[in-house]
Amino acid sequence: MRTIALALTLSFLAGGFAAAAETEKRPKVGLVLGGGGARGAAHIGVLEVLEENHIPIDCIAGTSMGALVAGAYSAGVSPQEMRAFVKKTDWATVFDDSAGRDLVNLRRKELDDRFTSGLEFGVGKDGLKYRSGAIAGEKLKLLFNGLVREDLGSRDIEQLPLPIAIVATDIGTGERVVMRTGNLSSAMRSSMSVPGVLAPVIRDGRKLVDGGLVDNVPIGEVIELCKPDVIIAINVGSPLFKPEEVTGLVSVVGQMVSLLAEQNVAKSLTLMRKQDIYLRPDLGAISSAGFDQQIEAADLGRKAALDVLPVLRTLSMESREFNIWRMGMRQILTPKPPVIDEVRVGETKYVAPESIRAGIRAKEGEALDSDKLVKDLVWVYSQGDLQSLDYSVVREGNKTVLNVLPVEKGWGPNYIRFGVNLATDFQSQADYNVRALYRRTWMNSYGGEWRLGGQIGSEQFITTEFYQPLDYAQHTFVRPFAFFDSRQIGIYNEGDRLADYTFRDSRIGIEGGLNIGIYGQARLGWVHRWLNLGRDTGIEIFPSFKDRVSGPSLNIALDTEDQAYFPTKGFQGRIDYFHALKATGDSGSKYAKLSGAFEGVYSIRDVSLIGEIEGGNATKGNLPAGDLFSLGGPRRLSSFANDQFLGEQYEYGRLEAQWRLTKPIPLLGLNFIAGAIAEAGRMRKSQTELALDGVWLQSYGIYIAANTFLGPVYFGYSDSKKGEGRFYLFVGTP
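Source: prediction; values computed, not measured.

Section: the pairing of strand β26 (residues 591–604)
Regular strands show a simple pattern: their side chains alternate between the two faces of the sheet.
So, point 1. One ladder, built from 11 bridges, connects strand β24 (residues 570–580) with β26; its direction is antiparallel. Bridge assignment links G570 to a residue of β26, and that residue is V601.
So, point 2. In terms of strand pairing, β26 meets strand β27 (residues 607–620) through 13 bridges, oriented antiparallel. Across the sheet, I604 pairs through a bridge with V607, a residue of β27.
So, point 3. Hairpin geometry of β26 and β27 is characterised by an intervening segment of two residues between the two adjacent antiparallel strands and by a positive phi of about 55° at R605.

Structure follows, in structure tokens:
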């Protein structure tokens, strides 16, 4: 084996000397790859033509998407591999930093479902802080790591077989920053950080954003890198909008960025000489955000290179020499996964390193599974405490170390979130609510968290709790809490609203619980409640009362759905039980209530079928007015008014079909839905609408909806034989 290896080495060296001699005869070529977002996939097609015609590159410079392609090519990734990479990547999910709703814990699901993450601010001595980009770019950075095989060893720019320069912008000073050393994937990610969209990358003490702001086609960099005889420069920048097309905020911002890029490109082009080759592929209507059109862009880039093929062929090498050059370019680290001797989590200020390590399955003494590692890092990141979470694999003497590199949120660890909902049926009622929640996280190494929240509007509440895990992995916890709620109850008969009551519910209690993996939670506790019912308007249906009750509560919940409002897979179920063992006051009634629900989702292509069944029953005594079960309103018999039916026992079922009219828009996540819904339900032991006690009611409807940064938006119409048709509008979170 040693003899064979020696022969191969000598053969390669001999070929290398021949290639070196050939290199002295041929013109030196510098390649410049400009920025343009998704349009930058055109560079892949150009590289394909260059390789097919045996045209070597001596140095390369790139900006933004051009930096991604340039970095990958310098790291030994072939154009064919890049094309396959682009084709298999789900770009819509890449620009969603989370692991997916189905892979975060139930507590985080419940938080996100009521308080939108897009309205989260940090709270500190300096007041409110907001994140520096709509998207942190966590998955994007890990995607780049995989592309250049960071899992096999740290890929540093200065160690690459092809000299490369990557351009970014210092957002603090506006200076042009050129990266010729250091971590490759970090440099690639820095150059692609579109201000306001992707969070800046902190590198060498600077906050770096998209290089297109200062040098979108960095011709000067290849001149400095290798003083090429011929420069091939490719410009894929977006064309300017026509004046009449600049009509809104988005188009104004886009036009400003394009104007800045056009100005610096014009300056760079003055460096081009007579012998240099300039390509501007005709990419038509492909936009910088058209990531689902990247294969088309690659084909158009290929066409642009073929159009000037006679000129390009003057730079060709002989086949044998080019293959030797290409072998040198492809000298990637051994593809065998390294055996990890130590997993080391970087220093943190408040997030316990033990909790980060608990979420990573890599073990000392075992080969690194890079796919599993990426999933683990995204999952840990998705818990909401980190601004980014990266990794590197390094050799330290005889040890191979997996470094896990957390960066905590610069606006944490204390946060405030907001939520809003507006609802109307355009007939009898309109509801509005604005809510806020303050969270003080990581109050101890186990992840203790204090919450204080409130809501004003049609329903008011104040809530506080202290969540204390009992271990690093947060398998078990205790939760003392207090809650005050005030809401209006409408009393209906034959569709008419006869009276309005105000129900006030104050609670204090403590629970112990078990987190069932990431999908569920079981809680058992004791709660003391003060109940108060008073009539505001209309005839007296219920007597006013003031009661105090206390007793055990049990809650079990499971939720694996991938989205809160428009799921495509998964299920959710819940069981809730409360037993008022002690009761004093005006009624002094002891009672118990049990309810449960189950929902499942099945999808066929762009259509999701959602089925739900639920029900509840007073298992002991008579329920006080505020604890009665209710039906009526969107997804609760949509053709009836909100909470039109009140009673002590109910059954309800829903079958819904949702058509995804659009795919989630990359960077925005916005998508549009059309739906149809059929419902059936009945209320027994009714306290309102007595003539319909025990009668099965049906409701049918259609709607259009959208997923927005405020939450879902629904506009629909429902009708029923027993009710009256009604339109409804809902905006925000429940």
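Quick word on the sheet that holds strand β13 (residues 342–345)
So, point 1. Across the sheet, three strands lie side by side as β13-β15-β14; this open sheet has mixed pairing. Pairing within the sheet leaves two strands with one partner each, and these edge strands are β13 and β14 (386–396). Sheet twist, expressed as the mean angle between neighbouring strand axes with direction ignored, is 20°.
So, point 2. Direction of pairing for β14 relative to strand β15 (residues 399–408): antiparallel, over a ladder of 10 bridges.

Quick look at the state of the cysteines
So, point 1. With the rule as written, the count across this model stands at one disulfide.
So, point 2. Sulfur-sulfur distance for the disulfide between C59 and C226 comes to 2.1 Å. The chirality of the disulfide connecting C59 with C226 is left-handed, given an S-S dihedral of about -45°. In this pair, C59 is assigned in strand β2 (residues 59–63) and C226 in helix α9 (residues 219–226), connecting sequence segments 167 residues apart. Exposure class is identical for C59 and C226. Each is buried.

Digging into the packing of aromatic side chains
So, point 1. Under the criterion given, the structure shown has 18 aromatic pairs.
So, point 2. Pairing W91 with F291 gives two aromatic rings, centres 5.5 Å apart and planes at 20°, and the pair type is stacked. In this pair, W91 is assigned in helix α5 (residues 91–94) and F291 in the loop between β12 (277–279) and α11 (294–307), connecting sequence segments 200 residues apart. Note on accessibility: W91 and F291 belong to one class, buried.
So, point 3. Both rings, one in F566 and one in Y714, keep their centres 5.6 Å apart while their planes meet at 45°; by these two values the pair is tilted. Here the residue F566 occupies a position in the loop between β23 (545–559) and β24, and Y714 occupies one in strand β32 (residues 711–719), the gap between them amounting to 148 residues. Residue F566 shares its accessibility class with Y714, and that shared class is buried.
So, point 4. Three or more aromatic residues joined by ring pairs form one cluster here, namely F426, F715, Y717 and F727.
So, point 5. Taking NZ or CZ as reference, R529 lies 5.3 Å from the ring centre of F578, over its face.
So, point 6. When the ring centre of Y652 is taken as reference, the NZ or CZ atom of R636 above it lies at 5.7 Å.

What about the domain arrangement of the chain?
So, point 1. When its domains are assigned, the chain resolves into domain 1 (29–97 + 136–330), domain 2 (339–408) and domain 3 (414–732).
So, point 2. Every contact between the two is made by 11 residues of domain 1 and, on the other side, 14 residues of domain 2.
So, point 3. Between domain 1 and domain 2 lies a buried interface of about 1,100 Å² when both sides are counted; carbon and sulfur atoms form 57% of it.
So, point 4. Joining domain 1 to domain 2, the criterion identifies zero salt bridges.

Quick word on the side chain of H579
So, point 1. Within the secondary structure layout, H579 lies in strand β24.
So, point 2. H579 sits in the buried class, given a relative accessible area of 15%.
So, point 3. Within the local environment of H579, its side chain forms a polar contact with the side chain of Y577, the two groups lying 3.4 Å apart.

Considerations on unusual backbone geometry
So, point 1. Note that the residue after G412, namely P413, is joined by a cis bond; omega there is 5°.
So, point 2. Of note, P413 is situated in the loop between β15 and β16 (414–424).
So, point 3. Its identity is not glycine, yet K227 carries a phi of approximately 45°, on the positive side.
So, point 4. With respect to the helices and strands, the residue K227 is situated in the loop between α9 and β11 (230–234).
So, point 5. Classification of K227 as exposed rests on a relative accessible area of 65%.
So, point 6. The phi torsion at Q474 lies on the positive side, around 60°, for a residue other than glycine.

A look at the nonpolar core
So, point 1. Within the largest apolar cluster, 67 residues are counted, with the highest numbers of intra-cluster contacts made by L31, L50, I57, I60, Y73, W91 and I232.
So, point 2. Considering every element that reaches this core, the biggest residue donor is helix α3 (residues 65–74), with seven residues.

Some details on the side chain of R26
So, point 1. On the secondary structure map, R26 appears in the loop between α1 (2–25) and β1 (29–33).
So, point 2. Of the polar contacts made by the side chain of R26, one reaches the side chain of D58; its length is 2.7 Å.
So, point 3. When near neighbours in sequence (up to four residues on either side) are disregarded, R26 contacts P56, D58, D229 and M317.

Side note on the packing of helix α4 (residues 79–88) against α11
So, point 1. Where α4 contacts α11, the axes come no closer than 9 Å and their chain directions differ by 155°. With respect to their mutual orientation, α4 and α11 come out roughly antiparallel. Contact with α4, carried on its side by R83, V86 and K87, involves Q294, I295, A298 and D299 of α11 and no other residues of that element.
So, point 2. Taken together, the residues of the contact of α4 with α11 break down into three nonpolar, one polar and three charged.

Topic: the pattern of salt bridges
So, point 1. In this structure the tally under the stated criterion is 51 salt bridges.
So, point 2. Here R101 ties to D559 by a salt bridge, and the two come within 2.7 Å at their closest N and O atoms. Taken together, the positions of R101 in the loop between α5 and α6 (106–114) and D559 in strand β23 put the pair 458 residues apart, joining distant regions of the chain.
So, point 3. The buried category is assigned to D559, whose relative accessible area is 6%.
So, point 4. Of the charged contacts in the structure, one is a salt bridge between D376 and R361, with a shortest N-O distance of 2.8 Å. Of this pair, D376 sits in helix α15 (residues 370–382) while R361 sits in the loop between α14 (353–358) and α15; the two residues are 15 residues apart in sequence, bridging distant segments of the chain.

Procedures and definitions
Residues numbered from 1 in each chain as written. Predicted model: local features only at pLDDT ≥ 70, side-chain atom pairs only at ≥ 80, totals over all residues. Heavy atoms only, no water. Pairing = 2+ DSSP bridges. Helix = DSSP H or I, 4+ residues; strand = E, 2+ residues; numbered from the N terminus. Axes fitted to C-alpha atoms, helices over the stretch in contact; angles between N-to-C directions. Disulfide = S-S within 2.5 Å. Buried < 20%, exposed > 50% of the residue type's maximum accessible area, 1.4 Å probe, protein only. Phe/Tyr/Trp six-rings, centres within 6.5 Å; stacked < 30°, edge-to-face > 60°. Lys NZ or Arg CZ within 6 Å of the ring centre and 35° of its normal. Domains from an automatic or database assignment. Contact = heavy atoms within 4.5 Å. Buried area = accessible area lost by both parts, 1.4 Å probe. Salt bridge = Lys/Arg side-chain N within 4 Å of Asp/Glu carboxyl O. Polar contact = N/O pair within 3.5 Å; in protein donor to acceptor, adjacent residues only side chain to side chain. Core = buried A, V, L, I, M, F, W, Y, C linked by side-chain atoms within 4.5 Å. Parallel < 35°, antiparallel > 145°, perpendicular 65-115°, else oblique. Nonpolar A, V, L, I, M, F, W, Y, C, P; charged D, E, K, R; others polar.

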